[in-house]
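Geometric and topological summary
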Amino acid sequence: MKSEITSFNSSFFEYLCGFVWFDQERLEALIKRYPIGATEQGEPIFWHINSEHKITNGRILTMDSETGKVYDDSWYYQDKRPTCLFGDY
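The following refers to the structure shown. Remember, predicted model here, so these are calculated numbers, not experimental data.

1. Quick word on the packing of aromatic side chains
Under the criterion given, the structure shown has three aromatic pairs. Judged by centre distance (5.2 Å) and plane angle (75 degrees), the rings of Phe12 and Phe46 are edge-to-face. Pair noted here: Phe12 is in helix α1 (residues 11-17) and Phe46 is in strand β3 (residues 44-49), with a separation of 34 residues, a long-range link. The same class applies to Phe12 as to Phe46, namely buried. Judged by centre distance (5.5 Å) and plane angle (80 degrees), the ring pair of Trp47 and Tyr76 falls under edge-to-face. You can see Trp47 sitting in strand β3 and its partner Tyr76 sitting in strand β5 (residues 70-77), a full 29 residues away along the chain. According to the relative accessible area criterion, Trp47 is buried, its value standing at 3%. Within the aromatic cluster, the residues linked to one another by ring pairs are Phe12, Phe13 and Phe46.

Parameters and conventions
Residues numbered from 1 in each chain as written. Predicted model: local features only at pLDDT ≥ 70, side-chain atom pairs only at ≥ 80, totals over all residues. Heavy atoms only, no water. Phe/Tyr/Trp six-rings, centres within 6.5 Å; stacked < 30°, edge-to-face > 60°. Helix = DSSP H or I, 4+ residues; strand = E, 2+ residues; numbered from the N terminus. Buried < 20%, exposed > 50% of the residue type's maximum accessible area, 1.4 Å probe, protein only.

Below you can see the structure in the form of structure tokens.
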């Protein structure tokens, strides 16, 4: 699976852009704080990063970019690495 570590090209960011108060500056601050990636199909990946700044896995969501409704989710796993909480540095 090919994916990007951080990306604005996902249905999640399209959904956030629908809110008036979510301007480009806030989106950039969000992506710097939480590296949210995207698959080739534009599905967001919420990376789980451990205290050593290594990706352990990621939750992939299939969602509607207009309503934010999640239809399906799956996981991306690295080989035998321990898991951690989303955003845990």
